[in-house]
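Descriptive analysis of the structure
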Amino acid sequence: MLSQQDNELLCRVGPGTAMGDVFRRFWNPVLPAMELQSPGCRPVRLRILGEELVAFRDKSGQLCIIEEWCLHRRVSLALGRVEEHGIRCLYHGWKFGCDGTVHETPNTKDIRIRERLRARTYPVREAGGLIWAYMGPIDKQPPFPHWRFMDIAISNLNVVKLDSGSNYMQVLEGGADSSHVGVLHSNFARPGWLDGEFKANPDDDNPTALVSDELAPDLEIEDTEFGFHYAAVRPMPSNDENPMHNVRIVPIVMPSTRIIPARAMQTVLFEVPIDDENTRTLSIGFRIDGESFDMSRYEDIRGRKNPALVDQVAGRYLGTWENHFGQDPEAMESSWSGIQGVVMEDLAMSMSPGPIVDRSDEHLVAADAAIVRARRQLLASARRVLAGRDPIGLMDDLSQVMACDETVPVKTRWQDLAPGHKLRQTDD
Ligand code: FES
Ligand SMILES: [Fe+2]
């Protein structure tokens, strides 16, 4: 349970809000790099943290992010002409550089206007198949982060954008919630659930392929330098001499990223707030060994190919109460959820309460401990930033942060399965 006051603090991310300031202290991915592939291509309208922006790659190849509305009479620069060094407004030809300086104002001879005005722009980088922006104070700009997927060939990364209509925290909480995997995703996690018998799903690319039917795993949580990690521990059938258990370690990387394990794969999921009521999920799937994999099957498992639920061109989830989030009641004879695909199931859950859930009416249980930890860390970060301190989890080397799904002898310390995760002393 969370008071309405804390819920507001947690969920509001626009300019001038405390949580908005937390997000602005990090480099955030904002769109797949493939949307701005070639110099001079069409600009992309971008709404991030409640700000209306335009991203473009100028004809010299430089990536730029600028406020959307032209400083002259506020038309959209997304319709502008992309030039060698910057972008030119279509209406009266004002030209803006990637640092926001006004280079030309052809409809006035008064050059002082160029000296006086400057458009808002943000530092931009490209890495790991994504375009990243830093939207915070320049004097606090952190080093650019290094994630493990940045070391893998782009052609072996599955990079997908999906925008949906709920607050970022609702989507993130789904990911910090190990106990839903064996229930909501029953068809994938526990084939045979209908007959009351457990058959392990042998698909080692599938993050919901649980190797045990324990629905209430033990959860262990530790604070780490990047945020926290939790281990969901499930007993495994084994002989008495060498008892085994399955460990799924999920890192939650501040402010709103998680890594979901499959036995052979990792999926890094960034939940980037578009505004208070919409979230951009940027998902990076890759094999742990860096090799290629069947991306078509990967998408089938997630259900992201269904045109009734996903606008592939816009990268937008189309589930609403109007279409009952794609749920087919007749299919529920054999499908647990009646919804096809893991991501479609997750998004139906995160959107069903409306864009911002009232957390003062919940009844949490032990299985929700990681959700409670995520909220606590984010709220602590908001209070730290309000007090002029750094948020939790600002770090540049994330290359050793990994999820894990392994069956090991009970005597193995689970922390040894993720040796790159350094613990953090709590001083919130
Ligand atoms: S509105 Fe952009 S130049 Fe006039
Ligand atoms: Fe899920």
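Keep in mind it's a predicted model, so treat the numbers as computed, not measured.

On to the sheet that holds strand β6 (residues 86–88). In spatial order, the strands read β5-β6-β7-β8; together these four strands make up an open sheet with antiparallel pairing. For this open sheet the edge positions go to β5 (81–83) and β8 (102–104), each flanked by a neighbour on one side alone.

Moving on, we get to the side chain of Arg-258. Mapped onto the secondary structure, Arg-258 falls in strand β17 (residues 257–261). The buried category is assigned to Arg-258, whose relative accessible area is 8%. A distance of 2.8 Å separates the side chain of Arg-258 from the side chain of Glu-271, its partner in a polar contact. Residues in contact with Arg-258, not counting those within four places in the same chain, are Val-171, Leu-172, Gly-175, Ala-176, Val-250, Pro-251, Ile-252, Thr-267, Val-268, Leu-269 and Glu-271.

Applying the stated rule across the entire model yields 33 salt bridges. Taking the shortest distance from any N to any O, the salt bridge between Glu-173 and Arg-359 comes out at 3.2 Å. Here Arg-359 lies in the loop between α8 (342–351) and α9 (369–386) and Glu-173 lies in helix α4 (residues 168–175), a separation of 186 residues in the sequence. In this structure, Glu-173 and Arg-359 share a single accessibility class: buried. A salt bridge links Asp-203 to Arg-297; the shortest N-O distance between them is 2.7 Å. Placement of the pair is Asp-203 in the loop between α6 (186–189) and β14 (218–224) and Arg-297 in helix α7 (residues 295–302), with a sequence separation of 94 residues. A relative accessible area of 33% means that Arg-297 is categorised as partly exposed. The network of salt bridges with common partners includes Arg-24, Glu-51, Glu-67, Arg-74 and Arg-120.

In this structure, His-180 (NE2), His-185 (NE2), Asp-346 (OD) and Asp-346 (OD) serve as the protein donors to the iron ion (ligand 2), at separations of 2.1 to 2.5 Å. Because the angles between the four donor atoms bound to the iron ion (ligand 2) fall within 55 to 148°, the donor set is best described as irregular. Donor residues for the iron ion (ligand 2) sit on one chain with the sequence pattern H-x4-H-x160-D. Pair noted here: His-180 is in the loop between α4 and α5 (181–184) and Asp-346 is in helix α8, with a separation of 166 residues, a long-range link. By relative accessible area, which is 26% here, Asp-346 ends up partly exposed.

The subject of this paragraph is the pairing of strand β2 (residues 44–48). Burial of the side chains of β2 is restricted to one face: Val-44, Leu-46 and Ile-48 are buried, whereas none of Arg-45 and Arg-47 on the reverse face is. Strand direction decides the pairing type here: β2 and strand β3 (residues 51–57), joined by five bridges, are antiparallel. From the neighbouring strand, Val-44 faces β3, where its bridge partner is Ala-55. The hairpin formed by β2 and β3 contains two residues between the paired strands, and Leu-49 there has a positive phi angle of roughly 50°.

Two faces belong to every sheet, and in a regular strand the side chains alternate between them. Burial runs high along strand β4 (residues 63–67): five of the five residues are buried. Hairpin connection between β3 and β4: a loop of five residues separates the two successive antiparallel strands, and Gly-61 in this loop has a positive phi of roughly 100°. Two elements, β4 and strand β9 (residues 121–122), share two bridges in a ladder whose sense is antiparallel. Residue pairing across strands places Ile-66 opposite Thr-121, the latter belonging to β9.

What counts and what doesn't
- Residues numbered from 1 in each chain as written.
- Chains lettered and ligands numbered in written order.
- Predicted model: local features only at pLDDT ≥ 70, side-chain atom pairs only at ≥ 80, totals over all residues.
- Heavy atoms only, no water.
- Pairing = 2+ DSSP bridges.
- Helix = DSSP H or I, 4+ residues; strand = E, 2+ residues; numbered from the N terminus.
- Buried < 20%, exposed > 50% of the residue type's maximum accessible area, 1.4 Å probe, protein only.
- Polar contact = N/O pair within 3.5 Å; in protein donor to acceptor, adjacent residues only side chain to side chain.
- Contact = heavy atoms within 4.5 Å.
- Salt bridge = Lys/Arg side-chain N within 4 Å of Asp/Glu carboxyl O.
- Donors = N, O, S within 2.8 Å, 3.2 Å for Na, K, Ca; no water.
- Tetrahedral: all angles 85-135°; square planar, octahedral: opposite > 155°, others 65-115°.

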